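# Chains, contacts and geometry: an overview
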Amino acid sequence: MRLAFLGDVHANLEALNAVLEDIGKKGVDEIFCLGDLVGYGPDPENVVQEIKKKNIKTIMGNYDDAVGYSKQSCGCSYSPGRETEVGDVSLNWTIEHTSQETKDFLKKLPRRLSFEVENVKFLLVHGSPLDELLEYVTPQIDPDRLQKIAQSTSEDIIVNGHTHIPMVKWVFGKLVLNPGSVGRPKDADPRASYMIVEVKRGTVQAQIVRVPYDVKKTIEKIAKNNLPMELATVLALGQTFDMGPGKVNFFL
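Keep in mind that what you see is a predicted model, and the values were worked out from it rather than measured.

## Structural notes on helix 2 (residues 44–53)
All of the buried residues in helix 2 are Pro 44, Val 47, Val 48, Glu 50 and Ile 51. Here the buried residues of helix 2 occupy an arc of 160 degrees about the axis, which is enough to place them on one side. Against helix 1 (13–23), strand 3 (57–58), helix 4 (82–96) and helix 5 (100–107) lie the buried residues of helix 2. Where helix 2 terminates, the next one or two residues include Asn 55, which has phi positive at roughly 55 degrees.

Dropping the structure here:
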């Protein structure tokens, strides 16, 4: 079985279409999405419709939750100041530009999904098994916390999103995977990111796949919709940066 995992599309239709086209060439048996279909990008409605049309099994991300229920915050770890302002503008704009049908779809997404392939058990969550929507499981996470996460579930493989940073890590006999972000990468590579996992006779192979897409077209849509241009900068650079006054210090 060849499985494709993608996540953190964030309303970037060009990136999603490029990834789905690439997946179509890879002989994949099934596609799974780790949430955050909406937010930040200019095409929330079209992205959700594409996911629905392709019948891709999808779990809820924190942005899906916030938009679906028209919340005032997505729960993201923003720095005070301009970063918080940009996040608030993005969330409010997304809520205003999604239909009730789309909001209803987002509200119905499950917070976790468990399944088995050839005796290998998978658990899909956006954040972590201990905090399904908001916990950031990064490569630099505290080892003790990672141990608690691994031991909190009986599945063999945990696949999560939320950080926008690809990760493949063995932890206390379990495999923790993150395919990175389709629509808003943060690892200094602006190409869309997803993962192919092959399960064969009990063995598992995971591969990160990077796909170029028309970033310029997405940025033009951001400008046309009068969204903050910091959102475009993140797409062009493939990483977030300090949005404080006069600061241009980039960080992962």
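Once the structure has been displayed, the description carries forward.
## Some thoughts on the packing of helix 2 against helix 5
Where helix 2 meets helix 5, the axes come as close as 10 Å, and the angle between the chain directions of the two elements is 55 degrees. On the basis of the axis angle, helix 2 is oblique to helix 5. Judged by the sense of rotation from one axis to the other, the crossing of helix 2 with helix 5 is left-handed. For the pair helix 2 and helix 5, the contacting residues are Glu 45, Val 48, Gln 49 and Lys 52 in the first and Glu 101, Thr 102, Phe 105 and Leu 106 in the second.

## Quick word on the nonpolar core
Leu 6, Val 19, Ile 23, Leu 37, Val 182 and Tyr 194 are the most contacted members of the largest nonpolar core, which has 45 residues in total. The element contributing the most residues to this core is helix 1, with seven residues. Membership of the second largest hydrophobic core comes to 17 residues, among which are Leu 34, Ile 157, Leu 175 and Met 195.

## Things to note about helix 8 (residues 229–237)
If you check which residues of helix 8 are buried, you get Glu 230, Leu 231, Ala 232, Val 234 and Leu 235. Check the buried side of helix 8 and you find it contacts helix 4 and helix 7 (215–224). Just beyond helix 8, the residue with positive phi is Gly 238, at close to 75 degrees.

## Section: the state of the cysteines
Using the criterion set out here, one finds one disulfide in the structure. There is a disulfide in this structure between Cys 74 and Cys 76, and the S-S distance comes to 2.4 Å. For the disulfide bridge between Cys 74 and Cys 76, the dihedral angle about the S-S bond is near -140 degrees, and by the sign convention the bridge is left-handed. In terms of burial, Cys 74 and Cys 76 fall into one category: buried.

Rules used in this analysis
Position numbers for residues start from 1 in each chain and track the written sequence from start to end. Local features in a predicted model are, by the rule used here, given only for residues with pLDDT of at least 70; side-chain atom pairs are given and counted only at 80 or more, and totals for whole chains, interfaces and linings are based on all residues. Side-chain calculation: all heavy atoms of the structure are included, whereas hydrogens and water are not. Partly exposed residues are those whose accessible area sits between 20% and 50% of the maximum for their type, while under 20% is buried and over 50% is exposed, using a 1.4 Å probe and protein chains only. Going along the chain from the N terminus, every DSSP run of H or I of four or more residues is numbered as a helix, and every run of E of two or more is numbered as a strand. By construction, the arc corresponds to the directions joining the helix axis to the C-beta atoms. The contact definition used throughout considers only heavy atoms, calling two residues in contact when any of these lie within 4.5 Å. Axis lines are fitted through C-alpha atoms, for helices just across the contact stretch, and the angle between N-to-C directions can take any value from 0 to 180 degrees. Roughly parallel means an angle under 35 degrees; roughly antiparallel means over 145; roughly perpendicular covers 65 to 115; every other angle is labelled oblique. Note: crossing handedness is left-handed where the near helix turns anticlockwise from the far helix by less than a right angle, and right-handed where it turns clockwise. By nonpolar core is meant a set of buried Ala, Val, Leu, Ile, Met, Phe, Trp, Tyr and Cys residues that side-chain atoms within 4.5 Å join together. Two cysteine sulfurs form a disulfide in these notes if their separation is within 2.5 Å.

The analysis is restricted to geometry; functional conclusions fall outside its scope.
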